[in-house]
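Chains, contacts and geometry: an overview
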Amino acid sequence: MCGIIGIVASSNVSGQLLESLQRLEYRGYDSAGIATLSNGELDRRRAKGKLQALIDVVSTSPLEGQVGIGHTRWATHGAPSAINAHPHLSGRVAVVHNGIIENYVALKADLMASGHVFESDTDTEVVAHMIEAALASGAAPLEALKSTLDRLEGAYALAVIVEGENDLVMGARRGSPLVVGYGDGEMFIGSDALAVGPFTNRITYLEEGDYVAINRESARIFDAEGNSVERAKHTVASSAVLVEKGNYRHFMEKEIHEQPDSSQHTLARYIDPVAGSPSEHILDFTGISRLQVVACGTAYYAGLVGKYLIEDIAGIPVDIEIASEFRYRNPVMDPGTLTVAISQSGETADTLAALRWCKERGLRTAAIVNAHQSTMAREADIVLGTYAGPEICVLSTKAFTAQIVVLISLAIAGARQRGRIDVATERRYVRELLEAPRLIAQTLSIERQIANLAQDLMRSCDMLFLGRGVMYPMAMEGALKLKESSYIHAEGCAAGEMKHGPISLIDDVTPVVVLAPSDELFDKTMSNLREVIARSGPVTMITDAEGAARAPSEVRVIIVPTGPKLINALIYAVPLQLIAYHIGVCKGTDVDQPRNLAKSVTVE
Ligand code: M6R
């Protein structure tokens, strides 16, 4: 839930550390800090708040040194403050950490009993003190690291520097990701490929339990038992360009506009347009009697859309559960169940734990994942990648639609393999799915209208989103997006459920957004919409041309392209994302990095 970087170079590293932290800020942004070995001595700068605060500190008080570590934080233990910001120091040691040390209270008590004095409220500080204690008792740096790791419980990715060690950064991972980056005469460790992306695209993904020592020329990697090991080097696609905002004001805006491409790239992997069918490799449904989807947040809503479509088209039962709930009860699973984890980052702690829970019980697992080198991608039996490219905005947009593209492809493949549809129907579905990039692009052209709508809605305290069928999970996704982008309280409801409670929220100042494609549920949704109008609720209806022609005169109508029902979730995602984006911008919130959130939630 934090971002870490470590660099050994031949010139001052503070600029590189800050550049890397800019790439990592999506992982946490309530404080940041860097430490270097300057003339062989430890020195650090820290600041509460966004990275810019640290950049300002470093510009007034520069930090020299060719070996350094950096951190951008999402607070778990200890309030967001400069004193709790990493790096944490003890004697000769400086440490940055992503994860949670679960047994830190007991470790801290031991250390305090032997005279160690702590300055922060964090769990991380114990790591610095433990390594320092081991060094003080004569251990070499790597031994000190290893003996410390052996006593830690919980999750960590660590980067460590030691005073007097001018050609060394040490790292370790368990439960949180860490990569090694290979430069020319300089070496890196970082939370992910983006962290080291400005400097190299030659990368090793450390495995669970690994620890590493880098110097200017090389990396020595050890497994959890301390054996020296070789790990594969990968050349990752140069993503430097992809993580710039270009001409857009925000990553959120850019990523919303990238959806014609991201859906196309994902489609290209799963659909064979010539054959008119899903690609052969997508998934063999033999022996699969049920899918169990686990996911969090927006990925969960994608899964819910998938449930509606897969059950409808393929007739395969799909259960779906929020990963943080799934793992703490005793779900009844049968051997024919394929667990499908859905995750942009592939690192979400709860989703990963749910996937592991299923693996441990001998169930087959699949991951629909955007970060192809993530832990989920490496641990799942089957990887169904989304090809949305790096998603930097904390709010998920293009990854969401790419996940739905994969789920629709699975629905078609499952239906065909199980003999539920004939070749002609399969071809029709494929043709319809192939329309998605074009129709998403066409939908983006309503942005000006949505920007105007946002001006009117921005002062609301609450908003409701309503939909039926697939539009129900879309309503919940619309509400989540709005909460994140604007801090407006919002709820997504099944339109038919309104009368069972949420209707009491309706008044003349609570805007209601109704998602109403002109399908077989349209008339039912209109009845619910009229219930809102009857209670003076101000309604915006998002619909297609046919729906607009039948809309009550009291409602404001936003018209989206008429698409096949199969891909309506992809079309209606766009106005929902644009509403959240423009209301957030009108209100002046930081839509790319809203308060209290982080992109990659690697803690429970
Ligand atoms: O990386 P994941 O897809 O596993 O993340 C899951 C959620 O944390 C994520 O979708 C979150 O809800 C987003 N901020 C939504 O915009």
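Residues numbered from 1 in each chain as written. Predicted model: local features only at pLDDT ≥ 70, side-chain atom pairs only at ≥ 80, totals over all residues. Heavy atoms only, no water.

Topic: the sheet that holds strand β27 (residues 556-559)
Quick note on the threshold: Between any two strands, at least two bridges found by DSSP are needed for them to pair. Each helix is a run of DSSP H or I of at least 4 residues and each strand a run of E of at least 2, with the numbering of both proceeding from the N terminus. Think of each axis as a best-fit line through the C-alpha atoms, taken over the contacting stretch in the case of a helix, with angles from 0 to 180 degrees between the N-to-C directions. Contact between two residues is taken to exist if any of their heavy atoms lie within 4.5 Å; hydrogens are not considered.
Ordered in space as β24-β23-β25-β26-β27, the 5 strands form an open sheet in which the pairing is parallel. The strands lining the two open edges of the sheet, one partner per strand, are β24 (489-494) and β27. For this sheet, the mean inter-axis angle between neighbouring strands, taken without regard to orientation, is 20 degrees. Bridge analysis of strand β26 (residues 539-543) against β27 gives 4 bridges, and the strand direction is parallel. Across the sheet, residue Thr 543 finds its bridge partner in β27, namely Ile 559. Along the sheet, helix α17 (residues 471-486) makes contact with β23 (462-467), β24 and β25 (512-515), crossing β24 at roughly 175 degrees. Running over the sheet, helix α18 (residues 522-534) touches β23, β25 and β26 and is turned about 165 degrees from β26.

A closer look at the domain arrangement of the protein chain
Put simply, the rule reads: Residue ranges assigned to each domain were obtained from an automatic or database domain assignment. Once two parts are brought into contact, the accessible area they lose, counted with a 1.4 Å probe and summed over both, makes up the buried area. Salt-bridge detection follows one rule: a side-chain nitrogen of Lys or Arg within 4 Å of a carboxyl oxygen of Asp or Glu. Polar contacts, as used here, are pairs of N or O atoms within 3.5 Å; protein pairs need one atom able to donate a hydrogen and one able to accept it. Residues neighboring in sequence count only if both atoms are side-chain atoms. Residues were grouped as follows: Ala, Val, Leu, Ile, Met, Phe, Trp, Tyr, Cys and Pro as nonpolar; Asp, Glu, Lys and Arg as charged; and all remaining residues, including Gly, as polar.
In terms of domains, the protein chain is made up of domain 1 (3-240), domain 2 (244-434) and domain 3 (445-604). Taking only C-alpha atoms into account, the centre of domain 1 sits 33 Å from that of domain 2. Residue-level contacts link 12 residues of domain 1 with 9 residues of domain 2. In this assembly, domain 1 packs against domain 2 so that about 890 Å² is buried in total across both faces, 54% of it on carbon and sulfur atoms. Taken together, the connections running from domain 1 to domain 2 amount to 1 salt bridge. The closest approach of N and O atoms between Glu 208 and Arg 356, which form a salt bridge, is 3.9 Å. The interface formed by domain 1 and domain 2 contains 0 residue pairs in polar contact (both at pLDDT 80 or more). Split by residue class, the side of domain 1 that touches domain 2 holds 7 nonpolar, 2 polar and 3 charged.

Notes on the site of the ligand
What counts is decided by this rule: A molecule or strand has a residue near it when one of that residue's heavy atoms lies within 4 Å. Only the protein chains shown count as cover for residues, and the accessible areas themselves come from Shrake-Rupley with a 1.4 Å probe.
Around the ligand, the surrounding shell holds 15 residues, and the nearest of these are Ser 343, Gln 344, Ser 345, Thr 348 and Glu 484. Between Ser 343 and the ligand, the recorded distance is 2.6 Å, taken from a side-chain N or O atom to an oxygen atom. Ser 396 has a polar backbone atom sitting 2.8 Å from an oxygen atom of the ligand. Relative to its unbound accessible surface of 410 Å², the ligand loses 92% to contact with the protein. When residues of the shell around the ligand are traced back to their parent elements, those giving at least two are α9 (297-314) and α17. Looking at the shell around the ligand, its residues break down into 6 nonpolar, 7 polar and 2 charged.

Considering the sheet that holds strand β20 (residues 337-343)
Judged by pairing direction, the sheet is parallel, and its 5 strands sit side by side in the order β19-β18-β20-β21-β22 without closing on themselves. At either end of the open sheet lies a strand with only one pairing partner, and these are β19 (318-322) and β22 (382-385). Averaged over all pairs of adjacent strands, the angle between strand axes in this sheet comes to 20 degrees, irrespective of strand direction. Sheet analysis places strand β18 (residues 290-295) next to β19, joined by 5 bridges and oriented parallel. For Val 293, the partnering residue across the bridge sits in β19 and is Ile 320. Of the strands in this sheet, β18, β19 and β20 touch α9, which is tilted by about 170 degrees from β19.

Topic: the state of the cysteines
Our working rule: Here, two cysteine sulfur atoms that lie within 2.5 Å of each other are counted as a disulfide. Summary of the burial criterion: residues with accessible area below 20% of their type's maximum are buried, those above 50% are exposed, and those between are partly exposed, where the area comes from a 1.4 Å probe applied to protein chains only.
A full pass over the atoms with the stated rule returns 0 disulfides. Between Cys 2, a cysteine without a disulfide, and Cys 296, which holds the nearest cysteine sulfur, the sulfur-to-sulfur distance is 18 Å. The buried category is assigned to Cys 2, whose relative accessible area is 6%. With no disulfide partner, Cys 493 has as its closest neighbouring cysteine sulfur the one in Cys 461, 17 Å distant.

Here we look at the pattern of salt bridges
Inspection of every chain in the model, using the stated rule, returns 33 salt bridges. In this structure, the salt-bridge partner of Glu 119 is Arg 44, at a minimum N-O distance of 2.9 Å. One end of the pair, Glu 119, is in the loop between α3 (104-113) and α4 (125-136); the other, Arg 44, is in strand β3 (residues 41-48), and 75 residues separate them in sequence. Look at Glu 119 and you get partly exposed, because its relative accessible area is 35%. Here Glu 484 ties to Lys 481 by a salt bridge, and the two come within 3.9 Å at their closest N and O atoms. Of the two residues, Glu 484 and Lys 481 both sit in helix α17, 3 residues apart, roughly one turn of that helix. Comparing Glu 484 with Lys 481, the two get one shared label, buried. Within this structure, Arg 173, Glu 208, Arg 356 and Glu 379 form a network of salt bridges that share partners.

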